[in-house]
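Okay, here's what each chain looks like letter by letter:
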Amino acid sequence: FVVPPSRNEQERRLRGRGDPGDKVLARLKKAEIEEPIGRALADHIVVNDDLDDTIEEMLQIIESARAR
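These lines cover the structure that appears in this document, whether it is placed above or below. Treat the numbers as computed from the prediction; the structure is a model and nothing was measured. (Residues numbered from 1 in each chain as written. Predicted model: local features only at pLDDT ≥ 70, side-chain atom pairs only at ≥ 80, totals over all residues. Heavy atoms only, no water.)

Before going further, it helps to examine the pattern of salt bridges. Within the structure shown, the criterion is met by eight salt bridges. The partner of Arg 7 in a salt bridge is Glu 32, and the shortest N-O contact between them spans 2.8 Å. Of this pair, Arg 7 sits in helix 1 (residues 7-16) while Glu 32 sits in helix 2 (residues 21-41); the two residues are 25 residues apart in sequence, bridging distant segments of the chain. Arg 7 sits in the partly exposed class, given a relative accessible area of 22%. A single network of salt bridges, built from pairs that share partners, joins Arg 7, Glu 32, Glu 35 and Arg 39. (Salt bridge = Lys/Arg side-chain N within 4 Å of Asp/Glu carboxyl O. Helix = DSSP H or I, 4+ residues; strand = E, 2+ residues; numbered from the N terminus. Buried < 20%, exposed > 50% of the residue type's maximum accessible area, 1.4 Å probe, protein only.)

This is the structure in structure tokens:
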């Protein structure tokens, strides 16, 4: 399960890519509901703080799963 480093950062990213304000607020509200569910169901939680680090962590998770 991939999560943003914070809700503020998620909002900054959404606004930074040009999403309309009403869509940003809807996405943030939906995230508040869905994130706890995702965390409860996930085998792994990856914080998408730095893209390169996030990709590397996800590749390690995949590699580990394949090795099992």
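Turning our attention to the side chain of Gln 10. Looking at the element boundaries, Gln 10 is found in helix 1. A relative accessible area of 12% means that Gln 10 is categorised as buried. Engagement of the side chain of Gln 10 in a polar contact is seen with the side chain of Arg 7, the distance being 2.6 Å. What Gln 10 contacts, discounting residues up to four positions off in sequence, is Pro 4, Leu 28 and Ala 31. (Polar contact = N/O pair within 3.5 Å; in protein donor to acceptor, adjacent residues only side chain to side chain. Contact = heavy atoms within 4.5 Å.)

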